Amino acid sequence: MKANGQVLWLAVAGVALVVQSFIDLAPNGPWDSRSFTRGVVGLVGLMALYVAWFMATFERFGLAPTVNLWKQPETTWSTVVIVGLAILVVSRAIGVFDTQGFFPDPAALILSLIGGLTLFNGVYVWAIIQGPLVMDEEE
């Protein structure tokens, strides 16, 4: 299938670009900063990984995981919340315990952003499916 091939290539490219951010091979770039170039390439890799995940999960190209794309939002919102919390815990651990500098400096910040967005997405889905934002059928 063409879509599976696209997902695979996006995922491989994303992993390669993220991995290179751990290796100091980037050129200075137009901004005369190797570390900034590594960060930009790493962020492009994260975007490629996200698009590959989106295409594999929702079987279409897109960026926003709107609730109408979810197959079972009533049961999967809690998994999304747990994954978001887990990413936040990992980002905190990287920020506190990475004293050897294995991870790039902004890694904890970027993971915190990803974890927070994931957590808020899960909480929002809960709020509109089972929580205080449920729409009455009369309206």
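This report concerns the structure included in the present document.

Parameters and conventions
- Residues numbered from 1 in each chain as written.
- Predicted model: local features only at pLDDT ≥ 70, side-chain atom pairs only at ≥ 80, totals over all residues.
- Heavy atoms only, no water.
- Phe/Tyr/Trp six-rings, centres within 6.5 Å; stacked < 30°, edge-to-face > 60°.
- Buried < 20%, exposed > 50% of the residue type's maximum accessible area, 1.4 Å probe, protein only.
- Helix = DSSP H or I, 4+ residues; strand = E, 2+ residues; numbered from the N terminus.

**Let's talk about the packing of aromatic side chains**
Within the structure shown, the criterion is met by 10 aromatic pairs. Taking the centre distance of 4.9 Å and the plane angle of 80° together, the rings of Trp 31 and Phe 36 count as edge-to-face. With a relative accessible area of 41%, Trp 31 lands in the partly exposed category. By relative accessible area, Phe 36 is classed as partly exposed at 45%. Between Phe 54 and Phe 58, the aromatic rings sit 4.8 Å apart at their centres with planes inclined by 55°, giving tilted as the arrangement. Here Phe 54 pairs with Phe 58, and both are found in helix 2 (residues 34-58), just 4 residues apart, close to one helical turn. Grouping residues by exposure puts Phe 54 and Phe 58 together as buried.

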